[in-house]
Structure formats: structure tokens, C-alpha cells
Amino acid sequence: MKTEPTVEVDDTKNDDLVTMEDIIRAHHRLREAIVRTPLHRDATLSAKYECDVYLKREDQQVVRSFKIRGSYNKIRSLTADERERGIVCASAGNHAQGVAFSCHALGIHGKIYMPSTTPNQKVKMVRKFGGQSVEVILTGDTFDDAYAEAMKACTELDLTFIHPFDDPMIIAGNGTVGMEIMESLEKPADYVFLTIGGGGLAAGVSQYIKTMSPSTRMIGVEPLGAASMSEAMSRGQVVTLDEIDKFVDGAAVKRVGQHTYDICKQKLDEVVKVPEGKVCTTILDLYNENAIVAEPAGAIPVAALDLYRDEIKGKTIVCVISGGNNDIDRMQEIKERSLIFEGLKHYFLINFPQRAGALREFLEKALGPNDDIARFEYTKKNDKENGPALVGIELTSREDYEPLIARMDEQGINYTELNRDPSLFSLLI
């Protein structure tokens, strides 16, 4: 881990960095730009967890994520000189859409730097919302790469930088989500689950709700492969992760904000990590059972409910669906990751004898009655007794795995389990 800061901010602790008055002022500013998203009780999830689960549907925001709240609040508060010079931002997608919308609505020119890995759907929407008011620049593989280029342009061109999360005005705008939650419930929630990427949403919402209802437990949720807030909490300071899993792109940040960390360490009761595969299962469940299209960062609070199944029975729960900008082209990968996480899909390298009937014997003697070949790639080697094949097997239930392995062992099949070998798995799958 690296501990040197990459963002120059005031490290001085300030309990009033974002006040209730700041959030209320943001609420009044945002009336002209956003919709008040619904908070509805989800019958399917409530029955599953034996409690009252409410979903705050920020995926139904005008830019399909909460990010417009912070970006519009910040840009709307700029001075005339700052507006004239123009603004610049870095974003993995949703912040960019909020900034683009704000630039177009307020007549401000903006440069928007995005990682080259950003889903195409998000890039297209940024251009749609910004129109002629914004210029989109794709650069690097991560938010941090885009951030570095944005800061360079900011310095060289004397532009105002609109931070995606570590800015009091951004945090205050995000805090209006918490204000709406409190106003929509007859009594305060027992638990509120929030996505953490850079920490702007968790900081803003927890600042408002925890002030109004100290007994409400605020739970921050991070992807396992990009848990920068968890690392900061455990070390007692903001750190930069060396590597992250970029799959949950809306929350894949190597380093949380200093301001957001200062607030979250005071206002959050817990920060938990959820595996990316579990997030994928939740995305599919939300779509199939609830008709909700959630992006990975939007689904992660719901994915965390399994970790609290016993605690939340009979309670009032709120999960903030932070965004719904999911590229349809990613659905096959999402299904694949879900199946692997749930133990329903397994990949093997199998060394088949190069003789007639070898594959038929495998199908008849190794596979169970409900097992299915989902992938098969065979390479015949000249003058060799055996040939390798990449075999993907899809199971009906997790419990079918051990019997499959037992049957292959009984038949003397020479195989390598790729799911258990990360280096081979990432190379071949």
C-alpha cells in the first residue's frame, strides 16, 4: 500500500465540514434540476428477508444515478468567473453524466475525462446530456488515470475542477438523498445500506440521517476487489490501493476522499465488502424478480443484505439503488460471474485420449444427468496420445460439484480445475 496522498486537501479534522444547513440549501438548489426519486417497499425482498425493505430508486433520476445531485449543487454554486473559465472533471461514468447535464443546463463549457474502460453506454449518455457544452476525453484504464489527466488540464488551462466525491458541495448535494429518505418514512429506518466508491454518497447520506436519527445503523458497502474505505478504516488513514478489480466500475476507486473518510469514520456504523460475483447474482435477481435494471454499484447494497439476514428480521431497511446505467453488452459477463460465484459453473482443462469414443465416455460416465457442457474447445495434437480440451460445465445446484469430481476421479480422468487456479483461469477464461 502507498500512503502518500494523491489529492491535495485540507487534512484538518472538521466535524462541520458539511452541515445540515448545507444539505438543506442543496435541496433548494436541486429542485430546479432533479426529480424526487421514489422510495418504495419491495415486496419480494421484504418477504425474502422477513422485514420491510425499501429501495431508494436513484436509478430513476434524470441521469439514472444520484451523481447529478452533487455535481449540480457544486456547479450551480460557482462564481461567475469560474463559470466563464469552464470546468473539468474525471469520472468512471455517472459523475460525468451529472456534470454533462449541469454544464448543458447552466451554459458552462466542460472537459470530461473518463477511463477508456468505461462502458460504452455511459460514454454515449455523457455526450447526450452534455451536447455541445462538453468535450469527452477517454484516457487510461482507471478513474485514477483519468483523474491525473484531468488535473493536468485543470492546471494548464486554468479550469475549475469538479471532484466526483471529495468536495463539501458534492457531499452536501448527495446528502439530499438522506433528506428525502427521512421525509418519506413514517419512522426512521433501522438500517440504511449505501454504496461506497469514493465515499461521497455514504458521507452525505450518513451525515444527514445520523444527525436526524442517531439510532439508525448506517452500513457502507464496497466491492471486495476495490475496498479502499475498508482499508482506510483499518489503517486509520486514507491509503491508495495498488490494484483493484474494475468490474464494479461505479465504485472501483483506488483511494477514497479525505473529506469523505473523515465523515464516514464518524457517521458509518460498519463498512462491509461484497464479492463481485455476489453483486452479479443480485443484478440478475433484481432484474428477474423486481424488474429493476441496476448497475453493479447500484446493486451492491442489496447484495449486502445476506450478511445481515438474522439482524434485520422485523426491521425497517433502506437500500439506496445508486444507479442504473448498466451496459446491456455486459450481461453475459454478469451471468458468467454469477454462475461461477454460486458454484454452478466450473471450468476444467481435461487431457483426453486421442481415440474414438473418448468424449462419449466422458459424457456418459463423468457427467451427471442434469450437468451440461457449456463450453468445449479441443486441440488435437499430431503424434500425441492425448489432447487437451477446455471444458465448461454448468450444474443445476452447487451440491452437484463433488459428485462430478468423484466420477471423474473414478474414471481416471486427467483434469485441472481452473476455478481454483486464478492464474490459469484469468488466462483461459
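The coordinates are above.
How each quantity is defined
Along every chain, residues carry numbers that run from 1 in the direction the sequence is written. Residues qualify for local features only when their pLDDT is at least 70, as the model is predicted, and side-chain atom pairs are given and counted only at 80 or more; totals for whole chains, interfaces and linings, by contrast, use all residues. Excluding hydrogens and water, the side-chain figures rest on all heavy atoms present in the structure. Think of it this way: any DSSP run of H or I at least four residues long counts as a helix, any run of E at least two long counts as a strand, and we number them from the N terminus. The span one expects for a helix is its residue count, reduced by one, times 1.5 Å. We call a residue buried when its accessible area falls under 20% of the maximum for its residue type, exposed when it is over 50%, and partly exposed in between, using a 1.4 Å probe and counting protein chains only. The contact criterion used throughout is that any non-hydrogen atoms of two residues lie within 4.5 Å. Working definition: a ring pair exists when centres of Phe, Tyr or Trp rings (six-membered ring for Trp) sit within 6.5 Å. Plane angles under 30 degrees give stacked, over 60 give edge-to-face, the rest tilted. In this analysis the charged atom, NZ for Lys or CZ for Arg, is taken to sit over a ring once it is within 6 Å of the ring centre and within 35 degrees of the ring normal. Throughout, an axis means a line fitted to C-alpha atoms (over the contacting stretch in the case of helices), and angles, computed between N-to-C directions, take values from 0 to 180 degrees. Each angle is binned into one of four classes, with values under 35 degrees roughly parallel, values over 145 roughly antiparallel, values of 65 to 115 roughly perpendicular, and all other values oblique. If DSSP finds at least two bridges between two strands, the strands pair. Every case where a carboxyl oxygen of Asp or Glu lies within 4 Å of a side-chain nitrogen of Lys or Arg is listed as a salt bridge. Patch members must show over 30% relative accessible area and no salt bridge, and they are joined within 9 Å when carrying like charges or within 5 Å when they are nonpolar side chains of Val, Leu, Ile, Met, Phe, Trp or Tyr. Every accessible area reported is derived by Shrake-Rupley at a probe size of 1.4 Å, with residue values counting cover from the shown protein chains alone. Only four residue types enter the tally: Lys and Arg on the positive side, Asp and Glu on the negative side, with His and both chain ends excluded. A single reference atom marks each charge: NZ on Lys, CZ on Arg, CG on Asp, CD on Glu.

1. A short note on helix H9 (residues 200–212)
For H9, built from 13 residues, the straight-helix expectation of 18 Å at 1.5 Å per residue is met to within 8% by its first-to-last C-alpha distance of 19 Å. Here H9 lies mainly inside the structure; 11 of its 13 residues are buried. Taken as a whole, H9 has its buried residues at Gly200, Leu201, Ala202, Ala203, Gly204, Val205, Ser206, Gln207, Tyr208, Ile209 and Lys210. At its buried positions, H9 is contacted by helix H1 (20–30), helix H8 (168–184), strand S7 (191–195), strand S8 (217–223), helix H11 (258–267) and strand S10 (316–321).

2. Description of the packing of aromatic side chains
Counted according to the given criterion, the structure contains 10 aromatic pairs. Their ring planes at 15 degrees and their centres at 6.2 Å tell us that tyrosine 191 and phenylalanine 193 sit as a pair that is stacked. According to the relative accessible area criterion, tyrosine 191 is buried, its value standing at 7%. Judged by relative accessible area, which is 0%, phenylalanine 193 ranks as buried. Judged by centre distance (5.5 Å) and plane angle (90 degrees), the rings of phenylalanine 352 and phenylalanine 362 are edge-to-face. With a gap of 10 residues between them, phenylalanine 352 in strand S11 (residues 345–353) and phenylalanine 362 in helix H15 (residues 358–365) connect regions that are remote in the sequence. Phenylalanine 362 carries the same exposure label as phenylalanine 352, and that label is buried. Through successive ring pairs, a cluster of aromatic residues spans Phe352, Phe362, Phe376 and Tyr378. Above the face of the phenylalanine 129 ring, lysine 128 is positioned so that its terminal group lies 5.7 Å from the ring centre. Stacked on the ring of phenylalanine 247, the Lys or Arg arginine 337 has its end atom at 4.2 Å from the ring centre.

3. Quick word on the packing of H1 against H8
One can describe the packing of H1 onto H8 by two numbers: an axis separation of 8 Å at closest approach and a directional angle of 80 degrees. The angle between H1 and H8 places the two elements in the roughly perpendicular class. On the side of H1, the interface is formed by Asp22, Ile23, Ile24, Ala26, His27, Arg29 and Leu30, while H8 contributes Met169, Ala172, Gly173, Gly175, Thr176 and Met179.

4. Some words on the sheet that holds strand S3 (residues 87–90)
Sheet strands pair by backbone hydrogen bonding; their relative direction is either parallel or antiparallel. With parallel pairing, the 4 strands of this open sheet are ordered in space as S5-S4-S3-S6. The open sheet has two edge strands, strand S5 (134–138) and strand S6 (160–161), and neither has a second partner. Across 2 bridges, S3 lies against S6 in parallel orientation. Within S6, the residue paired with isoleucine 87 across the bridge is threonine 160. Contacts between helix H5 (residues 94–106) and the sheet are confined to S3, strand S4 (110–114) and S5, with S3 contributing the most and set at about 165 degrees to the helix.

5. Re unusual backbone geometry
Positive phi, normally seen in glycine, also occurs at aspartate 158, with a value near 55 degrees. Its location among the elements puts aspartate 158 in the loop between helix H7 (143–157) and S6.

6. Comments concerning the side chain of glutamate 180
Relative to the helices and strands, glutamate 180 is located in helix H8. Accessibility expressed as a relative area gives 3% for glutamate 180, which makes it buried. Not counting the four nearest positions on each side in its chain, glutamate 180 is found in contact with Ile34, Arg36, Thr37, Lys56 and Arg69.

7. Describing the pattern of salt bridges
Counted according to the given criterion, the structure contains 29 salt bridges. For arginine 41, the salt bridge goes to aspartate 52, with nearest N and O atoms at 2.7 Å. Here arginine 41 is found in strand S1 (residues 39–41), whereas its partner aspartate 52 is found in strand S2 (residues 52–57), with 11 residues between them in sequence. According to the relative accessible area criterion, aspartate 52 is partly exposed, its value standing at 29%. Each of the salt bridges in this network shares a partner with another, and the network as a whole consists of Lys56, Glu58, Arg69 and Glu180.

8. A word on H7
Compared with the 21 Å implied by 1.5 Å per residue over 15 residues, the 21 Å span of H7 between its first and last C-alpha is a close match. The complete set of buried residues in H7 reads Phe143, Asp144, Ala146, Tyr147, Ala150, Ala153 and Cys154. Buried residues along H7 sit in contact with S3, S4 and S6.

9. Here's the deal with a negative patch on the surface
Together, Asp141, Asp145, Glu149 and Glu156 make up a region of like negative charge exposed at the surface. Judged by its relative accessible area of 33%, glutamate 149 is partly exposed.

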